[in-house]
Amino acid sequence: MVSSYSIANSILKKSFEDHMLIEVETLQALIYLVCTDFRRKTGKILIYENFKKKDNSILLMSVYNHFSCFKTGNITRFARDANGNVFVVNDFKINKIINCYWELYKIWLSQYK
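Residues numbered from 1 in each chain as written. Predicted model: local features only at pLDDT ≥ 70, side-chain atom pairs only at ≥ 80, totals over all residues. Heavy atoms only, no water.

## Some details on the overall build of the chain
Assigned secondary structure in the chain consists of four helices and two strands. Moving toward the C terminus, one meets the helices and strands of the chain in the order α-α-β-β-α-α. Summarising its shape, the C-alpha atoms of the chain cover approximately 35 × 35 × 30 Å along the three principal directions. Every one of the 113 residues in the chain was classed for burial, and the buried ones make up 34%. Nonlocal contacts in the chain, meaning residues at least 24 apart in sequence, comprise 66% of its contacts between residues at least 6 apart. Carbon and sulfur atoms make up 52% of the accessible area of the chain, which totals about 7,300 Å². Placing the 16 positive and 10 negative side-chain charges of the chain at their respective mean positions leaves the two points 4 Å apart. (Helix = DSSP H or I, 4+ residues; strand = E, 2+ residues; numbered from the N terminus. Buried < 20%, exposed > 50% of the residue type's maximum accessible area, 1.4 Å probe, protein only. Contact = heavy atoms within 4.5 Å. Areas by Shrake-Rupley, 256 points an atom, 1.4 Å probe, with all protein chains shown as cover. Lys, Arg positive; Asp, Glu negative; His and termini not counted. Charge placed at Lys NZ, Arg CZ, Asp CG, Glu CD.)

Shown next as structure tokens:
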């Protein structure tokens with residue numbers, strides 16, 4: 001199990017490295033894809049928190065609440081713990097899935113720009 005913030009930060013790290021800032025809704029969608037693909041491939045649940053359906057989105061309330069200050073704008077910082085630390089995923093299988101969906105997102109985005 002990993003925290004939703006670690007997954008969010010790992011995706012945001014890709015976003016910042018590629019200079020492609022993303023909105024909260026995009027982050028939520030990518031987290032959902034990563035979690036569902038991980039479960040499909042391993043049969044294991046990646047995070048304990050349940051996804052909620054809100055309007056036309058599927059989201060994690062912890063991520064939604066943490067990044068709500070960005071509203072519909074791009075996220076420009078990592079999620080930090082109470083001590084100011086930033087945690088990312090340090091697992092090869094999970095990072096492989098994150099990389100796969102990040103690359104697919106970039107391809108999708110390039111077709112619609």
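From this point, the narrative continues.
## Side note on the environment of Leu46
Examined against the element boundaries, Leu46 turns out to sit in the loop between α2 (24-42) and β1 (52-54). The sequence separation of Leu46 and Phe16 amounts to 30 residues, and the corresponding C-alpha distance is 24 Å. Beyond its immediate chain neighbours, meaning those up to four positions away, Leu46 contacts Met1, Val2, Ile7, Val34, Cys35, Phe38 and Ile94.

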